[in-house]
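Chain by chain, the residues run as shown.
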Amino acid sequence: MIEFIEQEHIYLKDGIIVPSVSEILHFIFPDKYKNVDKEILNKKAEYGSTIHKAIECMENNEELPQLNFIQEESIKQYLKLKKKYNIEVLEQEQMVSYEYDYCGRFDMTANISNNYSLADIKTTAELDKEYLSWQLSFYELASGKIFDKFYVIWLPKKELGQVVEIER
């Protein structure tokens, strides 16, 4: 059984603390956010979390959280992409683990353009495809499934959203 303690950002598997995919990626990309002010990082993380939650609620036919104008525009972009790429969400926010080596939670599995896909939602200003390749590969291994493709649904602020294929 996998548990997630949100306040400390700790995963437990059968009561044992297991590193997260994010923690492992920090060792591979140690300088990823080195020059970004903590306060700015926190605001960006909060923005991204709100978009994730809104998409999750929308896909579950639940009431959306309170959104500001820019967040509403990101959701409109998501809906356009969903229609354009025929995105059918199958699972969302599933916790996975690879033995006792690591745990994580992927954003979604979906049929995207008729491909069984593992997808991540990003709201970053720039897209780090190498980081995403590692992240999605870790999630695929832990899920025990084999996906046709990896995608990122990229919803940057004040720009058009994109669906971008990510290499393994």
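Above: the structure in question.
Reading the values: rules and limits
- Residues numbered from 1 in each chain as written.
- Predicted model: local features only at pLDDT ≥ 70, side-chain atom pairs only at ≥ 80, totals over all residues.
- Heavy atoms only, no water.
- Helix = DSSP H or I, 4+ residues; strand = E, 2+ residues; numbered from the N terminus.
- Rg over C-alpha atoms; globule rule 2.2 N^0.38 Å.
- Buried < 20%, exposed > 50% of the residue type's maximum accessible area, 1.4 Å probe, protein only.
- Contact = heavy atoms within 4.5 Å.
- Areas by Shrake-Rupley, 256 points an atom, 1.4 Å probe, with all protein chains shown as cover.
- Pairing = 2+ DSSP bridges.
- Axes fitted to C-alpha atoms, helices over the stretch in contact; angles between N-to-C directions.
- Core = buried A, V, L, I, M, F, W, Y, C linked by side-chain atoms within 4.5 Å.
- Parallel < 35°, antiparallel > 145°, perpendicular 65-115°, else oblique.
- Left-handed = near helix turned anticlockwise from the far one by under 90°.
- Polar contact = N/O pair within 3.5 Å; in protein donor to acceptor, adjacent residues only side chain to side chain.

A. Seen up close, the overall build of the chain. The helix and strand tally for the chain stands at four helices and eight strands. Compactness check: the chain gives a C-alpha radius of gyration of 16 Å against a globular reference of 15 Å for 168 residues, within 12% of the reference. Projecting the C-alpha coordinates of the chain onto the three principal axes gives extents of approximately 40 × 40 × 30 Å. Scored against the burial criterion, the 168 residues of the chain give a buried share of 41%. A fraction of 56% describes how many contacts in the chain between residues 6 or more apart in sequence connect residues 24 or more apart. For the chain, the computed accessible surface area is about 10200 Å², with 49% contributed by carbon and sulfur atoms.

B. Here's a closer look at the sheet that holds strand β7 (residues 149-154). As summarised here, the arrangement of the five strands in space is β4-β5-β6-β7-β8, forming an open sheet in which the pairing is mixed. What marks the edges here is a single partner per strand, and that holds for β4 (88-98) and β8 (162-166). Each adjacent strand pair in this sheet contributes to an overall mean axis angle of 35°, direction not counted. Where helix α3 (residues 69-84) meets the sheet, it contacts β4, β5 (102-112), β7 and β8, and its direction lies at approximately 145° from that of β7. Strands β4, β5, β6 (115-122), β7 and β8 of the sheet are contacted by helix α4 (residues 129-143), whose axis makes an angle of about 125° with β6.

C. Quick look at the nonpolar core. In terms of nonpolar packing, the biggest core is built from 20 residues, with Ile55, Tyr78, Met108, Ile153 and Leu155 touching the most fellow members. At the level of elements, α2 (38-59), α3, β5, β6 and β7 are the ones that each hand at least two residues to this core. Sequence-distant contacts of Tyr78, that is, excluding residues within four places in its chain, are made with Ile55, Met58, Glu59, Val89, Met108, Ile153 and Leu155. Core analysis: the next-biggest nonpolar cluster, separate from the first, contains 18 residues, Val96, Leu118, Leu136 and Tyr139 among them.

D. Here's a closer look at the sheet that holds strand β2 (residues 10-13). Pairing in this open sheet of three strands is antiparallel, and the strands run β1-β2-β3 from one edge to the other. The open sheet is flanked by β1 (2-5) and β3 (16-18), the only strands paired with a single partner. Averaged over neighbouring strand pairs, the angle between their axes works out to 35° when direction is ignored. Pairing of β1 with β2, which is carried by four bridges, proceeds in the antiparallel orientation. Bridge pairing in β2 places Glu3 opposite Leu12.

E. Just the packing of helix α1 (residues 21-28) against α4, in detail. Packing of α1 against α4 leaves a shortest axis separation of 11 Å and a crossing angle of 140°. Put simply, α1 runs oblique to α4. In this structure, the crossing between α1 and α4 has a hand that is right-handed. Touching Val21, Ile24, Leu25 and Ile28 of α1 are Tyr131, Trp134, Gln135, Phe138 and Tyr139, all from α4.

F. Expanded view of the side chain of Gln92. With respect to the element layout, Gln92 can be found in strand β4. Reaching out from Gln92, the side chain makes a polar contact with the side chain of Asn60 at a distance of 3.5 Å. Setting aside residues no more than four positions away along its own chain, Gln92 makes contact with Ile55, Glu56, Glu59, Asn60, Phe106, Asp107 and Met108.

G. Fine view of the side chain of His52. Within the secondary structure, His52 sits in helix α2. Polar contacts involving the side chain of His52 include one to the side chain of Asp107, which spans 2.9 Å. In this view, His52 contacts Glu93, Asp107 and Ile121; residues no more than four positions away in its chain are not counted.

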